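# A structural walkthrough
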Amino acid sequence: MIKIVTIIGARPQIIKAAALSRAIKNKFSDKIKEIIVHTGQHYDENMSQVFFDELGIPTPDYNLGVGSGSHGAQTAKMIEGIENVLLKEMPDYLVVYGDTNSTLAGAMAASKIHIPIVHIEAGLRSFNKAMPEEINRICCDHCSTMLFSPTATGYKNLINEGFNPKNEKPFTADNPGIYHCGDVMYDNSLHFGKSTDNRQQTTDFVAEENFILCTIHRNNNTDEPERLNSIFRALIKISEEKDIIIPLHPRTKKMLDVNLDSDTYSTLINNKRIHITEPASFLDMINLEKNADLVITDSGGVQKEAYFFKKPCIIMRSETEWKEIVEVGAALIADADERRIIEGYYHFKDNRIKEFPEIFGDGKAAEFICNELISNK
């Protein structure tokens, strides 16, 4: 039996980890033992514990309780805590997901004591190194032993950076293996999408149809007044035609009355067609995504989930690591530009997207990953 230590800390990682934990429980319990370490990067109960409860993820074996802080301070605390766990557990692999500080800290800690790193969601690139996530992705990939990319583009990015697709097992940090395996989030969406068909929404506002789902959480959108005002002016304009549901991230909620100008803030809080709710659980988000007409977001995960459920998406960032969804016409990049966001709304209103090619695998990425981990030993 092999032992893996899984690092999670932020909402997206917790959700992604559900797919691997479910595969281990259902098909590999006699071959893989999983130890879960929660860094505590997200410590708000609505943003963390609810996902464990809903998705059936095992209770973490360790919780480092790091909480918020500057990138340096937060990451340093995580590295120290993760290293202590790894020295105690001495796993065969450390498994990390995505691009958060928890992922970077896990990769740094494991690489220093020569524990093989498995990066799930490897190879994604926005080609914007001003984004901390981009630095985290690159550093983690180049420390890893086994790299599992959800898309063909991600796989090609790794090859372009010097990874050799012809490397043979056993893989090591100096002889890494790269894979195009599909997306574990697609695994989850297929699995949990069925269970939400008759689910009653627990958000504050319920809409059966004809609404837009919007999420806003990135620092450069919430913390820069010009960008935040531009976004909400666009949403206010669009709401003249269609209801908008915004499950509001705690960071965004805190910044609204700080960074919105008084007129925009007043118009927003008195707008009866913009429905601001508490953060939505994962299953509630799936339900909202399935029933929305359009998704507007700055979240990488929500972009994909919109695509999984065949919904058009307006991306409030200057670039995306999920380039395929833009290339097939299912998403538009609008950044925080008021005019472009509004134009994106009318584009999708007038042009119904009919084709959503299967670019994220077959819904069995987690099983594939488990088999590869076992066969590399």
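Preceding block: the structure.
Quick look at the nonpolar core now. With 89 residues, the main nonpolar core has Leu-20, Phe-232 and Leu-235 as its most contacted residues. Here the element with the most residues in this core is helix H1 (residues 11-27); it accounts for 8 residues. In contact with Leu-235, other than residues within four places in its own chain, are Cys-214, Ile-216, Ile-244, Ile-246, Ile-274 and Ile-296. In terms of nonpolar packing, the next biggest core, distinct from the first, is built from 19 residues, Tyr-62, Leu-86, Ala-105 and Ala-110 among them.

By the element assignment, Ser-126 lies in the loop between strand E5 (117-120) and helix H5 (132-141). A polar atom in the side chain of Ser-126 sits 3.3 Å from the backbone nitrogen of Asn-128. Excluding its chain neighbours within four sequence positions, the residues that come into contact with Ser-126 are Met-131, Glu-134, Arg-137, Glu-319, Glu-321 and Lys-323.

The next thing to look at is the side chain of Asn-271. With respect to the helices and strands, the residue Asn-271 is situated in the loop between helix H11 (262-269) and strand E10 (274-277). A relative accessible area of 17% means that Asn-271 is categorised as buried. Engagement of the side chain of Asn-271 in a polar contact is seen with the backbone nitrogen of Arg-273, the distance being 2.8 Å. Side-chain polar atoms of Asn-271 contact the backbone nitrogen of Ile-274, separated by 3.2 Å. Discounting residues that sit within four places of it in the chain, Asn-271 has contacts with Ile-236 and Ser-239.

Before going further, it helps to spend a moment on the pairing of strand E6 (residues 146-149). Put simply, side chains in a regular strand alternate between the two faces of the sheet. Residues Met-146 and Phe-148 of E6 are buried on one face, and the alternating residues Leu-147 and Ser-149, pointing to the opposite face, are buried as well. In terms of strand pairing, E5 meets E6 through 3 bridges, oriented parallel. Across the sheet, residue Val-118 finds its bridge partner in E6, namely Met-146. Remark: the E5/H5/E6 crossover connection has right-handed handedness. Sheet analysis places E6 next to strand E7 (residues 177-180), joined by 4 bridges and oriented parallel.

For the rest of this paragraph, the subject is helix H16 (residues 365-375). Residues of H16 that are buried include every one of Ala-365, Ala-366, Ile-369, Cys-370, Glu-372 and Leu-373, and no others. Viewed along the axis of H16, the buried residues span an arc of 165°, placing them on a single side of the element.

We now examine the sheet that holds E5. Judged by pairing direction, the sheet is parallel, and its 7 strands sit side by side in the order E3-E2-E1-E4-E5-E6-E7 without closing on themselves. Of all the strands in the sheet, the pair left with one neighbour each is strand E3 (62-63) and E7. Lying over the sheet, H1 contacts strand E1 (2-8), strand E2 (32-38), strand E4 (93-97) and E5, oriented at roughly 160° with respect to E1. Against the sheet, H16 contacts E1, E2, E4, E5, E6 and E7, and its axis sits at roughly 165° relative to E6.

Tracing the sequence through the fold places Ile-276 in strand E10. Classification of Ile-276 as partly exposed rests on a relative accessible area of 37%. In this structure, the C-alpha to C-alpha distance between Ile-276 and Val-96, residues 180 residues apart in sequence, is 33 Å.

What follows concerns the packing of helix H9 (residues 225-238) against helix H10 (residues 250-259). Packing of H9 against H10 leaves a shortest axis separation of 10 Å and a crossing angle of 100°. In terms of orientation, H9 lies roughly perpendicular with respect to H10. Contacts between H9 and H10 involve Pro-225, Leu-228, Asn-229 and Phe-232 from the former and Met-255, Leu-256 and Asn-259 from the latter.

Our focus in this paragraph is the pairing of E2. The element E2 is largely enclosed, with a buried count of 6 among its 7 residues. In terms of strand pairing, E1 meets E2 through 7 bridges, oriented parallel. Residue pairing for E2: Ile-8 is matched across the bridge by His-38. Traced from E1 through H1 to E2, the parallel crossover comes out right-handed. Inspection of the sheet shows E2 paired to E3 by 2 bridges, in the parallel sense. Residue His-38 lies in a different strand from E3, and its bridge partner there is Asn-63.

Conventions adopted
- Residues numbered from 1 in each chain as written.
- Predicted model: local features only at pLDDT ≥ 70, side-chain atom pairs only at ≥ 80, totals over all residues.
- Heavy atoms only, no water.
- Core = buried A, V, L, I, M, F, W, Y, C linked by side-chain atoms within 4.5 Å.
- Buried < 20%, exposed > 50% of the residue type's maximum accessible area, 1.4 Å probe, protein only.
- Helix = DSSP H or I, 4+ residues; strand = E, 2+ residues; numbered from the N terminus.
- Contact = heavy atoms within 4.5 Å.
- Polar contact = N/O pair within 3.5 Å; in protein donor to acceptor, adjacent residues only side chain to side chain.
- Pairing = 2+ DSSP bridges.
- Right-handed = clockwise from strand over helix to strand, strands pointing away.
- Arc of directions from axis to C-beta.
- Axes fitted to C-alpha atoms, helices over the stretch in contact; angles between N-to-C directions.
- Parallel < 35°, antiparallel > 145°, perpendicular 65-115°, else oblique.

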